[in-house]
Amino acid sequence: MAESPTSPESHIRPARASDAEALGGLDRDTWSTLHAVAPRPMPPYDPFFDSNHRPEDFFVAEDAGGTVIGYIRLVPPTPLACNQHVRQIQGLVVAPGARGLGIGRALLRRAFDESRRQGAVRITLRVLGHNTPARALYASEGFAVEGVLPEEFWLDGRYVDDVLMGRSLR
C-alpha cells in the first residue's frame with residue numbers, strides 16, 4: 001500500500017478527550033453550507049464529544065507544533081450486526097490553511113487502514129452534491145457514487161443533492 005501523503009510537518013493520531021476544544025473550534029472555523037447541513041453553531045456551543053461522538057471514533061491531524069489541523073470520524077453505519085463489515089466516514093475536516101497539503105487524503109487513508117484493522121471490507125460516506133472538492137478527493141481515493149438523493153436538503157436558498165459514495169477495502 002502506498003504511504004499516506006502528508007506534509008512533512010504534520011502527523012495523524014487517534015483523538016483524545018483533551019482534543020475537544022480544538023476540534024470544536026475547527027468545526028466552527030470551517031462551517032459552510034458547502035458541507036454542513038446543520039445550522040451554523042452559535043454560543044453556547046454543544047460539547048464536541050458526547051455519547052454518540054466519542055474520541056475513539058476520530059483521528060486528528062496535527063502540525064509539527066501540535067496544533068490540530070484536521071480530523072476524520074469513522075464509525076459503523078448502524079448498530080446492526082449484519083453490516084458490521086462496513087465503516088462510514090461521518091466527517092472529514094481540514095483547516096483552511098492546511099488544505100492542499102495532502103492532509104485530507106492522509107486522513108482518508110488512515111481511515112482505510114483502521115477500517116481494515118477493525119475487520120471492515122467496505123467503507124461509505126455521504127457528501128453534498130455541490131461539494132466538488134470533496135467529491136473529487138473521494139473519487140481519487142477509489143470511492144464511486146452509489147446513489148443520489150435528489151434535492152434532499154435546502155441550503156443557502158437552493159436544493160442540494162445528498163450523494164452516497166462507497167468503495168471496497170479489499
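Up top is the structure.
Only a predicted model underlies this, so the values are computations on that prediction, with no experimental measurement involved.

Caption draft 1: Representation of the packing of aromatic side chains in the model. In total, this model carries 8 aromatic pairs according to the counting rule given. Ring centres 5.6 Å apart and planes at 75° place the aromatic pair F49 and F58 in the edge-to-face group. Its relative accessible area of 14% is what places F49 among the buried residues. Taking 5.9 Å as the distance between ring centres and 45° as the angle between the ring planes, the aromatic pair formed by F112 and F143 counts as tilted. Highlighted residues: F112 in helix α2 (residues 103–117) and F143 in the loop between α3 (132–140) and β6 (144–155), separated in sequence by 31 residues. Across the pair, exposure class does not vary: F112 and F143 are buried alike. What links up through ring pairs into an aromatic cluster is the set F48, F49, F58 and Y71. Above the face of the Y45 ring, R28 is positioned so that its terminal group lies 3.9 Å from the ring centre. Sitting above the plane of the F112 ring, R167 keeps its charged end 4.2 Å from the centroid.

Caption draft 2: Representation of the side chain of E141 within the structure. With respect to the helices, strands and loops of the structure, E141 is situated in the loop between α3 and β6. Discounting chain neighbours no more than four positions away, the residues touching E141 are R105, L108, R109, F112 and R167.

Caption draft 3: Layout of the packing of α2 against α3. Relative orientation of the contacting elements α2 and α3 amounts to 50°, with a least axis distance of 11 Å. Taken together, the axis directions place α2 and α3 in an arrangement best described as oblique. Every pair of crossing elements has a handedness; the one defined by α2 and α3 is right-handed. Along its contact with α2, which presents G104, R105 and L108, the element α3 presents L137, Y138 and S140. When the residues that make up the contact of α2 with α3 are grouped by side-chain class, the tally is 3 nonpolar, 2 polar and 1 charged.

Caption draft 4: Structural context of the nonpolar core. With 37 residues, the main nonpolar core has Y71, I89, L107, L108, I123, Y138 and F143 as its most contacted residues. Breaking this core down by element, the ones donating at least two residues are α1 (20–30), β2 (58–63), β3 (68–75), β4 (86–94), α2, β5 (122–128), α3 and β7 (158–168). The biggest single contributor to this core is α2, with 6 residues. Contact partners of I89, with chain neighbours within four places excluded, come to I72, R73, L74, L108, I123, T124, L125 and F143.

Caption draft 5: Local environment of α2. Compared with an ideal rise of 1.5 Å per residue, which puts 15 residues at 21 Å, α2 spans 21 Å between its outermost C-alpha atoms and is within 8% of the ideal. Residues I103, G104, A106, L107, L108, R109, A111, F112, E114 and S115 constitute the buried set of α2. Phi for G119, located one or two positions after α2, is positive at around 95°.

Calculation criteria
- Residues numbered from 1 in each chain as written.
- Predicted model: local features only at pLDDT ≥ 70, side-chain atom pairs only at ≥ 80, totals over all residues.
- Heavy atoms only, no water.
- Phe/Tyr/Trp six-rings, centres within 6.5 Å; stacked < 30°, edge-to-face > 60°.
- Buried < 20%, exposed > 50% of the residue type's maximum accessible area, 1.4 Å probe, protein only.
- Helix = DSSP H or I, 4+ residues; strand = E, 2+ residues; numbered from the N terminus.
- Lys NZ or Arg CZ within 6 Å of the ring centre and 35° of its normal.
- Contact = heavy atoms within 4.5 Å.
- Axes fitted to C-alpha atoms, helices over the stretch in contact; angles between N-to-C directions.
- Parallel < 35°, antiparallel > 145°, perpendicular 65-115°, else oblique.
- Left-handed = near helix turned anticlockwise from the far one by under 90°.
- Nonpolar A, V, L, I, M, F, W, Y, C, P; charged D, E, K, R; others polar.
- Core = buried A, V, L, I, M, F, W, Y, C linked by side-chain atoms within 4.5 Å.
- Expected span 1.5 Å × (residues − 1).

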